[in-house]
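# Notes for the structure review
Here's the letter readout for the chains.
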Amino acid sequence: MAFRIAEERVFTRTVETADGQDFRAVFLILPDEEMGEVSAEGIEGEKAIMRKIVRRLDDIEGADKKPIPHSPELLEQVIGFADLRIALLRAYNEGRVEA
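The shown structure was predicted, so the numbers you read here are calculated from the model rather than taken from an experiment.

### Considering the overall build of the protein chain
- The helix and strand tally for the protein chain stands at four helices and three strands.
- Going from the N terminus to the C terminus, the protein chain shows its helices and strands as β-β-α-α-β-α-α.
- Its C-alpha radius of gyration of 14 Å places the protein chain within 12% of the 13 Å reference for a compact globule of 99 residues.
- Projected onto its principal axes, the C-alpha coordinates of the protein chain cover approximately 45 × 35 × 25 Å.
- For the protein chain, contacts bridging at least 24 residues in sequence account for 52% of all contacts bridging at least 6.
- For the protein chain, the exposed area adds up to about 6900 Å²; of that, 51% sits on carbon and sulfur atoms.
- Distance between charge centroids for the protein chain: 3 Å, based on 14 positive and 21 negative side chains.

Right, dumping it as structure tokens:
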């Protein structure tokens, strides 16, 4: 099978949280120069990276056990926790290596 260059290269990974739960995320693989343009320093830098690379979150439920559809607000809620940012970044890095 031939490799096809696409304008957007995406992949889906299961994100495992520190407390043993998981959810799915669709990630965009950024070109090196675009990733280098985002400052990764501090909490706001980490969040900026997440906003660029996370295209979709799935398999997330609310306290009422009802599915929460992906939205910009859901992404902001998820990346508001350091452990979830770390889990997302770990899944992204693992997926890039395997992509």
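### Re the nonpolar core
- Among the nonpolar cores identified, the biggest contains 24 residues, and Phe27, Leu57 and Leu88 are the most heavily contacted of them.
- Elements with a minimum of two residues in this core: strand S1 (10-16), strand S2 (22-28), helix H2 (42-53), strand S3 (54-58), helix H3 (72-78) and helix H4 (82-98).
- At five residues, H4 tops the list of elements feeding residues into this core.

### Concerning the packing of H2 against H4
- Where H2 contacts H4, the axes come no closer than 11 Å and their chain directions differ by 50°. Put simply, H2 runs oblique to H4. As H2 packs across H4, the resulting crossing turns out to be left-handed. Along the contact surface, H2 presents Ile43, Glu46, Lys47, Met50 and Ile53, while H4 presents Arg85, Leu88, Leu89 and Tyr92.

### Description of the environment of valine 15
- Locating valine 15 in the fold gives a position in strand S1.
- Those residues in contact with valine 15 that sit more than four places away from it in its chain are Gln21, Asp22, Phe23, Ala25, Phe27, Ala87, Leu88 and Ala91.

The rules behind these values
Residues numbered from 1 in each chain as written. Predicted model: local features only at pLDDT ≥ 70, side-chain atom pairs only at ≥ 80, totals over all residues. Heavy atoms only, no water. Helix = DSSP H or I, 4+ residues; strand = E, 2+ residues; numbered from the N terminus. Rg over C-alpha atoms; globule rule 2.2 N^0.38 Å. Contact = heavy atoms within 4.5 Å. Areas by Shrake-Rupley, 256 points an atom, 1.4 Å probe, with all protein chains shown as cover. Lys, Arg positive; Asp, Glu negative; His and termini not counted. Charge placed at Lys NZ, Arg CZ, Asp CG, Glu CD. Core = buried A, V, L, I, M, F, W, Y, C linked by side-chain atoms within 4.5 Å. Buried < 20%, exposed > 50% of the residue type's maximum accessible area, 1.4 Å probe, protein only. Axes fitted to C-alpha atoms, helices over the stretch in contact; angles between N-to-C directions. Parallel < 35°, antiparallel > 145°, perpendicular 65-115°, else oblique. Left-handed = near helix turned anticlockwise from the far one by under 90°.

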